[in-house]
Amino acid sequence: MPAHTVKAHILPTWMIVGALSDLGRAVAWQMAQEGIQLILVDQHQDELFTLADEFEAKGLTTPLLVAIDLANLELGSQQLTDQLAQLKLTLDGWVWTGYHLKSPTPMLHISLTDWQTELTNNLTYPYWILRTCIHGQTMRPSTQIWFALPEAQSFTHAMGLSSSVWAVWLTQLSQEWGDDLPHPQLWYLPQVADRIHRRIWPLAQLNDFHNLDVVVKNWLVQIGYRSN
């Protein structure tokens, strides 16, 4: 995790898990422009550093970067919360924006191994990081927790397969955690025109989909971080 370049108490702090996905990058850019201190979490350290360099080049606040790969998920999650405790950071928000696909394919052509991997990436990965953050006391009852829930064709199978599972899980988690912990919420996405979608469905009309940046801006209005 790079050195923290601003005083933590000045800016609201949000963690974006799946920051290298199309949606994650869009959320990161829009939040940074609103003056929000970001903790960007994903599996690929080099790509996180590249994204942070792009932020610095635009004069935006340098994000904190956390690379946690799936093979070391439990240890990496614990190290993350330990670092947040050392920095005395409490999260104002946490959002899961989906796992970045290296080689996306339509669901009809996915292998069993890839299908299992994508489910693991989009279920186990965010769940364990969230669980560790909560147990690590980096959240308070007012912390906002959001899970992006795409329509069937908004994203590829990577998020689509896990959407119905999260819709059930979040209700159960809210009941389990009670009123002393923040309640996770679902961010219902419209059909979004992102670069992955256009690559997989080249015959789809672009005007059938919503612009990704506009979708994120509308969500920021909804959660109170942007004016109309």
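Each chain has its residues counted from 1, following the order in which its sequence is written. Two thresholds apply to this predicted model, a pLDDT of at least 70 for residue-level local features and 80 or more for giving and counting side-chain atom pairs, whereas whole-chain, interface and lining totals are computed over all residues. The basis for the side-chain values is all heavy atoms of the structure; hydrogens and waters are excluded.

1. Structural notes on the nonpolar core
Step number 1: Among buried residues, those of type Ala, Val, Leu, Ile, Met, Phe, Trp, Tyr and Cys that are joined through side-chain atoms within 4.5 Å constitute a nonpolar core. We call a residue buried when its accessible area falls under 20% of the maximum for its residue type, exposed when it is over 50%, and partly exposed in between, using a 1.4 Å probe and counting protein chains only. In this structure, Trp-14, Met-31, Leu-38, Trp-187 and Trp-219 are the most contacted members of the largest nonpolar core, which totals 32 residues.
Step number 2: Each helix is a run of DSSP H or I of at least 4 residues and each strand a run of E of at least 2, with the numbering of both proceeding from the N terminus. Elements with a contribution of two residues or more to this core: strand 1 (13-17), helix 1 (22-33), strand 2 (37-42), helix 2 (45-57), strand 5 (144-149) and helix 7 (212-222).
Step number 3: For this core, the leading source of residues is helix 1, giving six residues.
Step number 4: The contact criterion used throughout is that any non-hydrogen atoms of two residues lie within 4.5 Å. When sequence neighbours within four positions are dropped, the list of residues in contact with Trp-219 reads Trp-14, Val-27, Met-31, Val-95, Trp-146 and Trp-187.

2. A look at the confidence of the model for the protein
Detailed conclusions should not be drawn from predicted coordinates in areas where pLDDT is low.
Step number 1: The predictor reports its confidence for every residue as pLDDT, a score running from 0 up to 100. Scored by pLDDT, the protein has a mean of 81; 79% of the residues are at 70 or more.
Step number 2: In the model of the protein, helix 6 (residues 195-200) stands out as the element of lowest mean pLDDT, 51, in contrast to strand 1, which has the highest, 97.
Step number 3: Contacts for the low-pLDDT stretch residues 1-9, under 50 throughout, to residues beyond four places or in other chains number 20 contacts.

3. Some remarks on the pairing of strand 5
Step number 1: Across the six residues that make up strand 5, a large majority, six, are buried.
Step number 2: In terms of strand pairing, strand 4 (residues 93-96) meets strand 5 through four bridges, oriented parallel. Across the sheet, Trp-94 pairs through a bridge with Ile-145, a residue of strand 5.
Step number 3: Bridge count between strand 5 and strand 6 (residues 184-188): five bridges; the pairing is parallel. Counterpart to Trp-146 in the pairing with strand 6 is Gln-185. At least two DSSP bridges between two strands are needed for those strands to be called paired.

4. Quick notes on the environment of Ser-21
Step number 1: Along the chain, Ser-21 turns up in the loop between strand 1 and helix 1.
Step number 2: In sequence terms Ser-21 and Thr-97 are 76 residues apart; their C-alpha atoms lie 6.9 Å from each other.
Step number 3: Separated by 2.9 Å, the side chain of Ser-21 and the backbone nitrogen of Gly-24 make a polar contact. Distance and chemistry together define a polar contact, namely a pair of N or O atoms within 3.5 Å, with one atom able to donate a hydrogen and the other to accept it when in protein, and with adjacent residues in sequence counting only for side-chain atoms on both sides.

5. What about the environment of Ile-16?
Step number 1: The topology assignment puts Ile-16 in strand 1.
Step number 2: For Ile-16, a relative accessible area of 0% gives the class buried.
Step number 3: With 79 residues separating them along the chain, Ile-16 and Val-95 place their C-alpha atoms 5.1 Å apart.
Step number 4: Every residue in contact with Ile-16, bar those within four places of it in the chain, is listed here: Gly-24, Val-27, Ala-28, Met-31, Leu-38, Ile-39, Leu-40, Val-41, Val-95 and Thr-97.

6. A few points about the packing of helix 1 against helix 2
Axes are the key here: two packed helices are described by the angle between their axes and the distance separating the axes.
Step number 1: The geometry of helix 1 relative to helix 2 is characterised by a closest axis approach of 12 Å and an angle of 30° between their N-to-C directions. Viewed along their axes, helix 1 and helix 2 adopt a mutual orientation that is roughly parallel. Our pair here, helix 1 against helix 2, has a crossing hand that is right-handed. Between helix 1, through Arg-25, Ala-28, Trp-29 and Ala-32, and helix 2, the contact on the second element is made entirely by Glu-47, Leu-51, Glu-54 and Phe-55. Lines fitted to C-alpha atoms define the axes here, with helix axes fitted over just the stretch in contact, and angles between the N-to-C directions of these axes take values from 0 to 180 degrees. The labels follow the angle: roughly parallel below 35 degrees, roughly antiparallel above 145, roughly perpendicular from 65 to 115, and oblique for the rest. A crossing counts as left-handed when the near helix is turned anticlockwise from the far one by less than a right angle, and as right-handed when that turn is clockwise.

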